[in-house]
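# Chain and residue survey
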Amino acid sequence: MEPFVTHAGRAVPLRRSNVDTDQIIPAEYLKQVSRTGFGKGLFAAWREDPSFVLNQSQYDGATILVAGTDFGTGSSREHAVWALTDYGFRAVIAPRFGDIFRSNATKAGLLPVVLPEAAVTALQDAVEADPATEVVVDLDHRVVLAEAAGIKAPFEIDDYTRWRLMEGLDDIGLTLRHADDITAFEHNRPAWLPVTA
Amino acid sequence: MNTAVSECETQAEGESVMGRTLAEKIWDAHVVRSAEGEPDLLYIDLHLLHEVTSPQAFDGLRAASRKVRRPDLSIATEDHNVPTTGITGPGVPLSGPGSPVTDPVSRIQVEALRKNCAEFGVRLHPMGDADQGIVHVIGPQLGLTQPGLTIVCGDSHTSTHGALGALAFGIGTSEVEHVLATQTLPQARPKTMAITVNGALPEGVTAKDLILAIIATIGTGGGQGYVLEYRGPAIRALTMAGRLTVCNMSIEAGARAGLVAPDDVTFGYLQGRPHAPSGAAWEAALDYWRTLPTDPDATFDHEVVLDAATLTPYVTWGTNPGQALPLAAFVPDPGSFADPAARAAAERALTYMDLVPGMALRDITVDTVFVGSCTNGRIEDLRAAASVLQGRRVAPSVRMLVVPGSMAVRAQAEAEGLDAVFTAAGAQWRSAGCSMCLGMNPDKLSAGERSASTSNRNFEGRQGKGGRTHLVSPEVAAATAVTGHLAAPADL
């Protein structure tokens, strides 16, 4: 996973709440067996509307998505994260995320940033007023900055997830350091527990 | 293991002198490793797999030269993208003449699952197999889903299995790979929420109506960060099928997991199933399962209380499952929502759904009715729909698909003559799969089509691009098929 320490880029305002993962990437795009190429399916249905925000040229090349509350609800499809990263996003800012989406994002190097509704709205207002506004997502200092707009919004993220993201660490490798603990646990499992074999 | 011992251990660690909830007991019994400032490492008892969210995980194993640690705790099925027609039986070909799979991309995905399961030694129930079906239908049916287990699957409706008192939750593909490689997951301990449902459901009101009402009450984000425990007399009175329906849609309230404490309904459901313990093991299991229910002095982080007696059949009018109202209600005016985000969402939903405020929900006409899915694809659901359709006809303007949740459900329904009721009424009788729940197999809505669907999500385009979905119970689905507009059996 690509480490995430701090990222500076332009941002896209997505003023919609309850953006479920079926909208982020519709099911018809989930048949691919690779992890790449999902960007073409990102918001596929919405992108057919020329006025959709991602179709507005002033936001070309933006790398930060600023969305309404309950972003990434619904299906567990990690393809939603892969679609966002494949399209070029490094961070999503919203007042609240679907639990599974947030977890998937942190496994795949996309930073989910929870900010209060007012801060999200201020960011959306700022990048709508001036799409060239530079937004900095600083995971090291846990703060989102848009200096030109006078925005400095601290965010919370647990130490462990922050460390993993900053180091770009693979969870499986971390867990396998404790393989002996897993084996010991397995020895104590009751014999009547079900097996599929 | 017994409760007294566990409580003593808890006290010795100085964490709490209080009793524990069902979710906390299961969690504590599965912690492989706990360290300050880190998520707990949780052991996973059962890993369910399907074709859509697993191929990249198996590729990851191969790339790192890793094996599946516990193939004997893993099981796979083909459900999401397979067709539900032309399934002639076991060994139905995946390609060539006589294959029901016409989409080459779907074929590659199913082929990948078959290859991966063979290579890594994972049991697979392929298309046409007697035990094939929707992953969340076959787990309980085989008796693999048991109280007190931790169960994961790369599918958000894994919450279904909580109906038997298992801690079950959906995961992404990176986590699927992690479980395949280690049989564990690093997880932060969730908060707990009690959803207490007092009273009794009135005649004609179902588990589906109850969960739609719960989601409308707490909202699509209300359960985020929580494990829900459904409690109270109305939950106790539900059949296992009803509990599965309720727990299934926990994720629609934002919660990764929902639970019902195991009781005699649970034990009666499990006894004699292929993977349920038997003999002395059954007694040992029962002894353990009876320690699991939440202790009387345990506390939840949050509690919601509902009165079942006030409920009526519920239907959705919008594009998220929280946008639901009683069938007798009217399409709401977005201006009536105080919260600006809810107002904007309602405006958008009404535009997408092509509905106007003030319209009676009963006046909404549909062209498609879907009975099936991991929410309502069990034998009890098909019986409920058939009892409404018996001696009646599906309206000429409506196509109705009845899709059993598993091939075993299909066989049971045929043994009971339900298929004859459906076909005599003019409905299509299908083979098992996710079908029209999610628009990634041939069963889809076309743009502008409108369905009454027993599935779980009414998101924009969920059942096919441009399609419009109203979530309903099997009873309402069947009555709607007869009248051509949203209706309850009592309207017939």
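Our focus in this paragraph is the overall build of chain B. Of regular secondary structure, chain B possesses 17 helices and 19 strands. Whereas a compact globule of 492 residues would reach a radius of gyration of roughly 23 Å, chain B reaches 22 Å, a difference of no more than 12%. Seen through its principal axes, chain B has C-alpha atoms that stretch 65 × 55 × 45 Å. By the burial criterion, 60% of the 492 residues in chain B qualify as buried.

Glancing now at the overall build of chain A. For chain A, the count of helices and strands is eight helices and eight strands. Taken along its principal axes, the extent of the C-alpha atoms in chain A is 65 × 40 × 25 Å. The contacts of chain A with a sequence gap of at least 6 include a subset with a gap of at least 24, amounting to 71%.

Residues and elements named next belong to chain B. Overall, parallel pairing links the five strands, which are arranged 5-4-3-6-7 in an open sheet. The two strands at the open ends of the sheet, each matched to only one other strand, are strand 5 (123-125) and strand 7 (167-170). With strand direction ignored, the average angle separating the axes of adjacent strands in the sheet is 20 degrees. Pairing analysis gives four bridges linking strand 3 (residues 46-50) to strand 4 (residues 74-77), with the strands arranged parallel. Directly across from histidine 50, in strand 4, lies its bridge partner threonine 77.

All names here are of chain B. Here we have five strands laid out as an open sheet, ordered 17-16-15-18-19, and parallel in their pairing. Pairing within the sheet leaves two strands with one partner each, and these edge strands are strand 17 (428-429) and strand 19 (468-471). With two bridges joining them, strand 16 (residues 399-402) and strand 17 adopt parallel strand pairing. Its bridge partner lying in strand 17, leucine 401 is registered against glutamine 428.

A few words on the nonpolar core. Among the nonpolar cores identified, the biggest contains 198 residues, and A:Val66, A:Val92 and A:Ile93 are the most heavily contacted of them. For this core, the element with the most residues is helix 7 (residues 207-218) of chain B, which contributes eight residues. Once residues within four sequence positions are removed from consideration, A:Ile93 is found in contact with A:Ile64, A:Val66, A:Val113, A:Leu115, A:Val120, A:Leu123 and A:Val144.

On to the pairing of strand 7 (residues 143-146) of chain A, then. Residues and elements named next belong to chain A. Only one face of strand 7 is buried: it carries Val144 and Ala146, and the other face, with Val143 and Leu145, is open. Summarising the sheet, strand 6 (residues 135-138) and strand 7 pair through three bridges and their orientation is antiparallel. Residue pairing for strand 7: valine 137 is matched across the bridge by valine 144. Between strand 6 and strand 7, which follow one another and run antiparallel, lie four residues, and arginine 142 among them has a positive phi close to 50 degrees. The pairing of strand 7 with strand 8 (residues 151-154) spans four bridges and is antiparallel. Bridging from a neighbouring strand, alanine 146 pairs with isoleucine 151 of strand 8.

Moving on to the pairing of strand 19 of chain B. Residues and elements named next belong to chain B. Neither face of strand 19 is left uncovered, since the one carrying Arg468 and His470 and the one carrying Thr469 and Leu471 both have all their residues buried. As defined by bridge partners, strand 18 (residues 450-453) adjoins strand 19 across four bridges and the pair is classed as parallel. Across the sheet, residue serine 453 finds its bridge partner in strand 19, namely leucine 471.

Attention now goes to the interface of chain B and chain A. Contact with chain B, which involves 67 residues of that partner, is made by 48 residues of chain A. Counting residues per element, the side of chain B that touches chain A draws most heavily on helix 6 (residues 173-182) of chain B, at seven residues. For the side of chain B that touches chain A, the residue count by class is 27 nonpolar, 27 polar and 13 charged.

Turning our attention to unusual backbone geometry. Residue and element names in this part refer to chain B. In the Ramachandran plot, serine 65 falls in the positive-phi region, its phi being about 55 degrees despite a non-glycine side chain. Position of serine 65 among the secondary structure elements: in the loop between helix 3 (55-63) and strand 4. Judged by the 6 C-beta atoms lying within 10 Å of it, serine 65 is exposed. Positive phi outside glycine occurs at serine 373, with the angle close to 90 degrees. When you line up the elements, serine 373 lands in helix 13 (residues 373-376). Overall, the presence of 28 C-beta atoms within 10 Å leaves serine 373 in the buried class.

Turning next to the environment of B:Gln187. Residues and elements named next belong to chain B. Within the secondary structure, glutamine 187 is located in strand 8 (residues 184-187). Separated by 145 residues in sequence, glutamine 187 and leucine 42 place their C-alpha atoms 6.7 Å apart. If we ignore the near neighbours within four places in the chain, the residues touching glutamine 187 are Pro39, Asp40 and Leu42.

Further remarks concern the environment of A:Ile100. The residue A:Ile100 is located in helix 4 (residues 99-107) in this model. Spatially, the C-alpha atom of A:Ile100 lies 8.6 Å from that of A:Glu78, the residues being 22 residues apart in sequence.

Our next topic: the packing of helix 14 (residues 379-389) of chain B against helix 16 (residues 418-425) of chain B. Residues and elements named next belong to chain B. It is the contact of helix 14 with helix 16, at a shortest axis distance of 9 Å, that shows an interaxial angle of 45 degrees. Looking at the two axes, helix 14 sits oblique to helix 16. Judged by the twist between their axes, the crossing of helix 14 over helix 16 is left-handed. On helix 16, the residues that touch Leu382, Arg383, Ala386 and Leu389 of helix 14 are Leu418, Val421, Phe422 and Ala425. Taken together, the residues of the contact of helix 14 with helix 16 break down into seven nonpolar, no polar and one charged.

Definitions and cut-offs
Residues numbered from 1 in each chain as written. Chains lettered and ligands numbered in written order. Predicted model: local features only at pLDDT ≥ 70, side-chain atom pairs only at ≥ 80, totals over all residues. Helix = DSSP H or I, 4+ residues; strand = E, 2+ residues; numbered from the N terminus. Rg over C-alpha atoms; globule rule 2.2 N^0.38 Å. Buried ≥ 20, exposed ≤ 12 C-beta atoms within 10 Å, placed from the backbone. Contact = placed C-beta atoms within 7 Å. Pairing = 2+ DSSP bridges. Axes fitted to C-alpha atoms, helices over the stretch in contact; angles between N-to-C directions. Core = buried A, V, L, I, M, F, W, Y, C linked by C-beta atoms within 7 Å. Nonpolar A, V, L, I, M, F, W, Y, C, P; charged D, E, K, R; others polar. Parallel < 35°, antiparallel > 145°, perpendicular 65-115°, else oblique. Left-handed = near helix turned anticlockwise from the far one by under 90°.

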